[in-house]
Amino acid sequence: MECKSIQCMASSSTRPKYDVFVSFRGEDVRNTFADHLFAAFRRNGILAFRDDRNLMQGQHISTELLQAIEGSQVLIVIFSKNYATSSWCLQELAKMLDCSNSITEPNLLPIFYDVTPSEVRKQTGNYGKALAEHEERFKDNSNMVQQWRESLLQVANLSGWDIQNKQENGEIEKIVKRVRSKLGCNSLSVDGLVGMQSRVEQLENLIDFNSNNEVRVVGVSGMGGIGKSTLARVVYGRNLHKFGAHCFVDDISKVFRGGGLLSLQKQLVCQITNGEIQDIYNQIEAESLIKTMLRCQKALIVLDNADEVEQFENLGVTPDCLCPGSRIVVTSRDQHVLNSFGLDEIYKVQLLNEDEAHQLFCEKAFNDNIIMSCDEISREYKKLTDLSLEYAQGLPLAIKVLGSYLRGRDISVWRSALDRLKDNPKKEIADVLQLSFDGLEPLEKEIFLDIACFFNHRVDGLVADMYYRGLHPEIGISVLIDKSLITFDEYCIKMHDLLQELGRRIVRQSAPNEPWKWSRIWSKEDFQCIMFGNTVTDDVKAVQLEGSYEERNMTLRAETLSRMRRLEFLKIKNVSFSGSFNSISSELRYLELEEYPFTYFPSCCKISKLLKLVLQRINMKQLWDGTMCLDNLKELDLSDSENLVKTPNLSQAPNLERLFLRGCRKLKHIHPSIGDLRKLVWLDLSDCTSLMSFPITVFGISSLKSVYLRGCSRLFGGKELENGSESGIQCQSTIWSTFKRLKLRLPFHFFNSCRSRYNHVFHLWRLSVARLSCLYNLDLSYCNLHTIPEAISSLHYLEVLVFTGNNIVRVPDFINKLPRLRELKLDNCKRLMYVDEFPLPLPYPAAEQTKLLNIRQLSMFNCPKIVEKERLSGIGSSWMREYIKVCAYCCLT
């Protein structure tokens, strides 16, 4: 992470102690209006300071009142007939006005109980008389009385309530609603909101508080510690004043586990009724009561941290039973749970970006009101700050916990703490992340641990490798994505580093400092510990060691693998081995040893459970003599084994589906047993430049879909095919006669290159597995062809024809018989002179035009001998116009 200047600023205000402070003359309203107002505040969960209840006896009242005023978010003054007779009330008023003037949003609200605003403003009647008495009493402090007069004038001019001759209950409801609105606006100062303002606005836009015609249900998802609850709480506080009923149930999964559905329903009823109803004895009564209360008033309900559908399935809070304009917000780590609730929208909370993370860490880690530039702070602090942020990776919980822990500590403590974090993370972080793991099913836990130990940030073949582990990864990975434990981005599975460390710690904690008792080994140091211990283990089920080329000086003993008797998964790359490899676990399902160093593969191994065998770049001439029982083997990869001369006998591998022999340049013969592999789907012999024989029975395999023979020039009549030579023409004739003979039973892509020096590929891609005539993509690039075979005219489903780099002179008119052709490439056909009629581009339905495949493209670059260029340019323009039109449509949609 780029080093930035460290800027730290703490908030200038302290956290409010009270929601409301009310100034009133006790003898006028204590047992009447004020008492009713305080009761309404209690019902609505508003914490109000009341001088006759909150002050402890013996304390100096003026100090306590000043602290209460300063520590309240909303200030209310009740003007009554005798209010001005109390010097104490007037001092309170002056202090309240002073506090209100010091903030941006006015928070002082006047209530005119049994006096008019004019009487207070002009200081007539009782107010004029009381102030005259104060002037006589405080002759020596006339400035104080003048300040009281000014305070009365300013406050009387503020917007408030004149409740004379009005229904008291109705006015109190208005006051409570206004106070709730004020508290909602002030809730933006909640701790932990660095970087959250934009997220609040985005979530509010999804909730759409301005629409009163519908009930909307919005979910908030994200990994543990990312700030879902904080975000929901802020949005709730900002908007609760807009609703007649409102409820925020914290951690409903905990409430549900502690007391079941009824406990959850009680919380809901208690909050909606402001505590008036608490005695509920069964779920049916509670559900009925909830539906009755919410049917006739708009409600805002937030259900925080749901992890099971049952937690709200019978709660009684469903869109069809709520009043139009109501809103339900559900937060969860599990997107599947949210989807089950029938949401209108889901907001996925993102990690903090680099700048936001940096700002939050500085606020937590450094002293208040300190602003430091790069020049004023030590290089070591900057380095450790970057390491801290790299560790947290944008997770707000981790940033706050780590920053708070390091706050006020010196450099040596920072360094020690960061060194210790990898093996001993802060409990506050670990506990939150552990909850996500604990909620998984056993098989999903295994997949989580596999990703954490082996497959994080893996792009290639993750799902396939986990399938070979026997973990059925498709559904498991989907669950982990739903639970925000992993993400899937551009074919890459990603797990947050803190979650990865959680998984690895779970494996290590099964037997601390005894890796031979762990289920998985991913570190060469741990493997060495097992190696030097000479311990036989039945606990290790999976080993993956992937070193760098710089680490080749570390040598591991192969005999160690023989001692892992229950090993199921073994993958080793860029690691040097010594010793002998005589046996391996009979439980093995996946075996990959890159650059296998030994000259033989032990035929005595019983690996009948093996599903995938990868031995790339081996030194052996032959893998094994005779046969080996491989009943379950689905994939065999011996690619780039340049010393391999012949393939093994695979007659006892009846379930083999994929065989890779790419780049085996000394390979001369293919064992005929390949022709008996009735489930073979993929055969890759690319760049087997010495290959001289090929079992024709392979073409009878009905399951076969892909055959790669690129660069197998000796297989088709010699390394060089001279232009126009008899051998070249004979080879081309042989290829096409083979196609004619096989076209009714050739369900595969056939890849071939007659000229290895061009390193191109001859493609036959089929849409059907029944007939060659269903071919839809044909690439004959650089095949030294002199004519376009007429057999192509029977390919009625052909959409793409690539003839780049051939020696043709004419494009025949039978191309016009290809009604579906949408792409024709003739680039670098340097002898091309004549092009007969093209089919006109077919109009595609608008719905299909959104597919990028449905474009029209004619390409004839570098064809210098072409004649009738003007006519061909017109045809090309027609195709290009169709191409541009479709591409423009795709961009707009």
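What this report covers is the structure whose coordinates are included nearby. (Residues numbered from 1 in each chain as written. Predicted model: local features only at pLDDT ≥ 70, side-chain atom pairs only at ≥ 80, totals over all residues. Heavy atoms only, no water.)

This model, assessed by the stated rule, comprises 21 aromatic pairs. With centroids separated by 5.4 Å and ring planes inclined at 55 degrees, the aromatic side chains of Phe437 and Phe448 adopt a geometry described as tilted. Here Phe437 is found in helix H20 (residues 427-438), whereas its partner Phe448 is found in helix H21 (residues 442-455), with 11 residues between them in sequence. Owing to a relative accessible area of 0%, Phe448 belongs among the buried residues under this scheme. With a centroid separation of 5.8 Å and 25 degrees between ring planes, the pair formed by Phe454 and Phe569 is classed as stacked. One end of the pair, Phe454, is in helix H21; the other, Phe569, is in strand E16 (residues 569-573), with 115 residues separating them in the sequence. For the pair Phe454 and Phe569, one class covers both residues: buried. (Phe/Tyr/Trp six-rings, centres within 6.5 Å; stacked < 30°, edge-to-face > 60°. Helix = DSSP H or I, 4+ residues; strand = E, 2+ residues; numbered from the N terminus. Buried < 20%, exposed > 50% of the residue type's maximum accessible area, 1.4 Å probe, protein only.)

With that settled, consider the pairing of strand E14 (residues 542-546). The buried count for E14 comes to 4 of 5 residues, which makes it a mostly enclosed element. Sheet topology note: the strand E13 (residues 520-521)/E14 ladder contains 2 bridges and is parallel. Looking across to E14, one finds that Ile521 is bridged to Val543. Considered for its hand, the β-α-β crossover made up of E13, helix H25 (residues 524-533) and E14 is right-handed. Note: E14 against E16, 5 bridges, orientation parallel. Its bridge partner lying in E16, Glu546 is registered against Lys573. (Pairing = 2+ DSSP bridges. Right-handed = clockwise from strand over helix to strand, strands pointing away.)

Quantified by volume, the second largest pocket comes out at close to 1000 Å³. If you trace the second largest pocket, you find 45 residues lining it, with Lys228, Asn305, Arg333, Leu435 and Ser436 closest to the centre. Elements that contribute at least two residues to the lining of the second largest pocket include exactly helix H11 (228-239), helix H12 (252-272), strand E9 (327-332), helix H15 (335-340), helix H18 (396-406), H20 and helix H23 (473-482). Of the residues assigned to the lining of the second largest pocket, the class counts are 16 nonpolar, 14 polar and 15 charged. (1 Å grid on protein atoms, 1.4 Å probe; cavity = no way out; pocket = protein on both sides within 12 Å on 5 of 7 lines; lining within 4 Å. Points joined across faces, edges and corners; volume = space filled by probe spheres on them. Nonpolar A, V, L, I, M, F, W, Y, C, P; charged D, E, K, R; others polar.)

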